[in-house]
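Inside the fold
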Amino acid sequence: MQVAIAKQGEKSQDAVFAMVRLASSYTALGCHGEALPLAQKALRLRREVFPEKDREAIHFLKLLAGIYTVLDRPAEALPLYVQAVKLYTDDSGPRSFTTLGAVSR
C-alpha cells in the first residue's frame, strides 16, 4: 500500500483500492479494529475523488458496514447498507436480480 501512495498520492485510484484491499484482508483475518480506519479512509477518499453515484462505491459501503456490524455498531452500519442498496437500485432498478442479490448478501 505504501508503494501505491508514494508513487501517486493517497487520492489516486490505486492507493484507494490498496486501502480497501488491505481493509478486506484484515476483515478476512478477523482483525476488524485494524480494518475500520482503513475502510473509513478509503470510503472518504473514494467520495472525494469519484462521482457520488459511482457503482464501485457499493463495495466500499458494504465493507465498512460489515465491519461496523461485526463490531456491534449497527447504528453506524445501517445508513451505509441503505446507501449501498440505493446505489444498486438506482443502477439496476428495484426489481432486478442484481439488486435482490445485493440485498441478500
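Basis of the calculations
Residues numbered from 1 in each chain as written. Predicted model: local features only at pLDDT ≥ 70, side-chain atom pairs only at ≥ 80, totals over all residues. Heavy atoms only, no water. Helix = DSSP H or I, 4+ residues; strand = E, 2+ residues; numbered from the N terminus. Axes fitted to C-alpha atoms, helices over the stretch in contact; angles between N-to-C directions. Left-handed = near helix turned anticlockwise from the far one by under 90°. Contact = heavy atoms within 4.5 Å. Nonpolar A, V, L, I, M, F, W, Y, C, P; charged D, E, K, R; others polar. Phe/Tyr/Trp six-rings, centres within 6.5 Å; stacked < 30°, edge-to-face > 60°. Buried < 20%, exposed > 50% of the residue type's maximum accessible area, 1.4 Å probe, protein only.

1. Examining the environment of A18
Its location among the elements puts A18 in helix α2 (residues 13–28). C-alpha separation for the pair A18 and A42, spaced 24 residues apart in sequence, amounts to 8.7 Å.

2. Description of the packing of α2 against helix α4 (residues 57–70)
What describes two packed helices is the angle between their axes and the distance between those same axes. With their axes 11 Å apart at the nearest point, α2 and α4 run at an angle of 35 degrees to one another. With respect to the hand of their crossing, α2 and α4 are arranged in left-handed fashion. Counted together, V16, F17, V20, A23, S24 and T27 of α2 and H59, F60, L63 and I67 of α4 form the full contact between these two elements. Here the residues of the contact of α2 with α4 are counted per class, giving seven nonpolar, three polar and no charged.

3. Some points on the packing of aromatic side chains
Enumeration over the complete set of coordinates arrives at one aromatic pair. Pairing F17 with F60 gives two aromatic rings, centres 5.8 Å apart and planes at 65 degrees, and the pair type is edge-to-face. Placement of F17 in helix α2 and of F60 in helix α4 is noted, with a sequence separation of 43 residues between them. Like F60, F17 is buried.

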